[in-house]
Amino acid sequence: MEDCLFCKIIADEVPSTKVYEDESVYVFEDINPIAPIHYLLIPKQHICCAAKITSENSAVVGHIYEVAAKLAAEMGITDGYRIVTNCGENAGQSVFHLHFHMLAGVKMGWGKEAVQATE
Ligand code: AMP
Ligand code: ZN
């Protein structure tokens, strides 16, 4: 197995607060939430980042969006949610296993502040 935090979470070697699981996707609560609802949706297959999505492994990405829609419906999130994936250094990716942040429960801004330099 990859020496990867999220692979270890999927394998239950590192604890997580699981929200959903099926044969190809695992969803859990972000340990450091930035919104009232902050889930991480990850493929069980180790893919390091969005830049490594190919025709061979891309089906799971569509499935992740389906799972997000199902979770939103089940949880009664009718006022919107945001899905974000950070890819690489400039985007601030800190865990190199592809993941989609699902944010909800707050009215979010959008604009230059979303891409302001942090250093
Ligand atoms: P990113 O910065 O886009 O790579 O996002 C990584 C996310 O993983 C951050 O929002 C972290 O708070 C979250 N995270 C890191 N370690 C854990 C963990 N053990 N359990 C849950 N979330 C984590
Ligand atoms: Zn991994």
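Each chain carries its own residue numbering, running from 1 in the direction its sequence is written. Written order decides the labels, with chains lettered from A and ligands numbered from 1. A pLDDT threshold of at least 70 governs which residues receive local features in this predicted model, and a stricter bar of 80 or more applies before side-chain atom pairs are shown or counted, although totals over entire chains, interfaces and linings include all residues. Excluded from the side-chain calculations are hydrogens and water; all other atoms, namely the structure's heavy atoms, are used.

(A) View of the sheet that holds strand β2 (residues 25–29). Spatial strand order, β1-β2-β3-β5-β4: five strands in an open sheet with antiparallel pairing. Sheet topology places β1 (18–21) and β4 (81–84) at the edges, where each strand pairs with a single neighbour. Across this sheet, the average inter-strand angle for adjacent strands is 20 degrees, counted without regard to direction. When DSSP finds at least two bridges between two strands, those strands are taken to pair. Put simply, DSSP H or I for four residues or longer makes a helix, DSSP E for two residues or longer makes a strand, and each gets a number counted from the N terminus. Bridge analysis of β2 against strand β3 (residues 37–43) gives five bridges, and the strand direction is antiparallel. Opposite E29, over in β3, you have Y39 as the bridge partner. Running over the sheet, helix α2 (residues 59–75) touches β1, β2, β3, β4 and β5 (100–104) and is turned about 150 degrees from β3. Between N-to-C directions, angles span 0 to 180 degrees; the directions come from axes that are lines fitted to C-alpha atoms, helices contributing only their stretch in contact. In what follows, residue pairs with any heavy atoms lying within 4.5 Å of each other are defined as contacts.

(B) Highlighting the environment of H38. Relative to the assigned elements, H38 resides in strand β3. Beyond its immediate chain neighbours, meaning those up to four positions away, H38 contacts F28, E29, D30, N32, P33, H101, M102 and L103. Among the polar contacts listed, one links the side chain of H38 to the backbone nitrogen of I34, at a separation of 3.1 Å. Residues adjacent in sequence count toward polar contacts only when both atoms are side-chain atoms; beyond that, a polar contact is any pair of N or O atoms within 3.5 Å, and within protein one must be able to donate a hydrogen and the other to accept it. Separated by 2.8 Å, the side chains of H38 and H101 make a polar contact.

No statement about biological role is implied by the geometric values presented.
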